[in-house]
Amino acid sequence: MKRIVILTGAGVSRESGLETFRDDGGIWSQVKLEDVCSPEGFLRDPAMVDAFYNKRRQELRGVSPNAAHQALAELENAYRDEPEDAFLLVTQNIDDLHERGGSRAPIHMHGELLRLRCMNCGVTPEWTDDCDRTTRCPACQEMTLRPDVVWFGEMPLHMERILRALRCCDVFVAIGTSATVYPAAGFVQEASGHAHTIELNLVPSDAAALFDEGDYGAATKVVPRFVRDFLTA
């Protein structure tokens, strides 16, 4: 089977009921990203940052994976007997909807909402409850926990593995992304020239012209259609 890399963004979770960040009325219209999504903001007001991510965790409990998540899990399952590097699902999302939709090991390049990171000992425990400045690390017992998410100015995770896959894939698909946040916005250029590139989005992104083809509409429609066509081609 063709080696494929899939990148998903907030648009794939939107129909599950999660707020997007950049759309009109999205999260960044309600709070300043520098206040809650930067190391400097955390140093200035850690309680505000804790409250922001506590709310995001609470919201996550009330939503479920949708047909787009489930279709991507179906596609991954079709690769179960292929080499490990033949299929890679990379997500910019910090939610766990891919996992709950059936995906086994999505790469969370921006971290995970349901994990914390200890700034003292480095552990990243799973976490579903609230966290505040009195919460102790389960490993070292210090009160030095922060969200295990990548903030602006920090390096995304697993980049070496992602770039290696992009440089040898046959197909690259970007789903529900704004194409404005780097390095993910540059993935299509990494794949272009040797891979067939496809954009699946609600509307064409700013980078739509860089893709070989696009299909536009709700993720719950275009993603299952893509998976069906891909598996029957």
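Residues numbered from 1 in each chain as written. Predicted model: local features only at pLDDT ≥ 70, side-chain atom pairs only at ≥ 80, totals over all residues. Heavy atoms only, no water.

As recorded by an unreviewed UniProt entry, the protein chain carries the name NAD-dependent protein deacylase and is attributed to Acetobacter nitrogenifigens DSM 23921 = NBRC 105050.

Trainee: Please give an account of the UniProt feature "active site" (unreviewed entry) in the protein chain that cites residues and values.
Mentor: UniProt marks His110 with the feature "active site" (unreviewed entry), using the numbering shown here. Within the secondary structure layout, His110 lies in the loop between β3 (107–108) and β4 (111–118). Overall, His110 belongs to the buried group, its relative accessible area being 14%. (UniProt positions renumbered as here; feature names shortened; annotations may be inferred. Helix = DSSP H or I, 4+ residues; strand = E, 2+ residues; numbered from the N terminus. Buried < 20%, exposed > 50% of the residue type's maximum accessible area, 1.4 Å probe, protein only.)

Trainee: For the layout of surface pockets, give the residues involved together with the corresponding values.
Mentor: Summary: where empty space remains is shown by rolling a probe the size of a single water molecule over the atoms. In this structure, the second largest pocket occupies an estimated 310 Å³ of space. In terms of lining, the second largest pocket is formed by 15 residues, of which the most central are Lys2, Phe226, Asp229, Phe230 and Ala233. Elements represented by at least two residues in the lining of the second largest pocket include exactly β7 (196–201), β8 (213–216) and α9 (219–232). Looking at which element gives the most residues to the lining of the second largest pocket, the answer is α9, with five residues. A breakdown of the residues in the lining of the second largest pocket according to their chemical character gives eight nonpolar, one polar and six charged. (1 Å grid on protein atoms, 1.4 Å probe; cavity = no way out; pocket = protein on both sides within 12 Å on 5 of 7 lines; lining within 4 Å. Points joined across faces, edges and corners; volume = space filled by probe spheres on them. Nonpolar A, V, L, I, M, F, W, Y, C, P; charged D, E, K, R; others polar.)

Trainee: A description of the domain arrangement of the protein chain should follow, citing residues and the corresponding values.
Mentor: The domain boundaries assigned to the protein chain delineate domain 1 (1–18 + 63–110 + 153–232) and domain 2 (33–61 + 112–149). Between domain 1 and domain 2, the C-alpha centre-to-centre distance is 27 Å. Taken together, the contact pairs eleven residues of domain 1 with eleven residues of domain 2. When the two sides are added together, the surface that domain 1 and domain 2 hide from each other amounts to roughly 860 Å², 57% of it contributed by carbon and sulfur. Taken as a group, Val63, Ile94 and Glu154 account for 51% of the area that domain 1 buries against domain 2, more than any other trio of residues on that side. Between domain 1 and domain 2 we count one salt bridge in total. Across the pair Arg146 and Glu154 runs a salt bridge whose closest N-O atoms are separated by 2.8 Å. Between domain 1 and domain 2 we count four residue pairs in polar contact (both at pLDDT 80 or more) in total. With three residues, helix α6 (residues 97–100) is the single largest residue contributor to the side of domain 1 that touches domain 2. (Domains from an automatic or database assignment. Contact = heavy atoms within 4.5 Å. Buried area = accessible area lost by both parts, 1.4 Å probe. Salt bridge = Lys/Arg side-chain N within 4 Å of Asp/Glu carboxyl O. Polar contact = N/O pair within 3.5 Å; in protein donor to acceptor, adjacent residues only side chain to side chain.)

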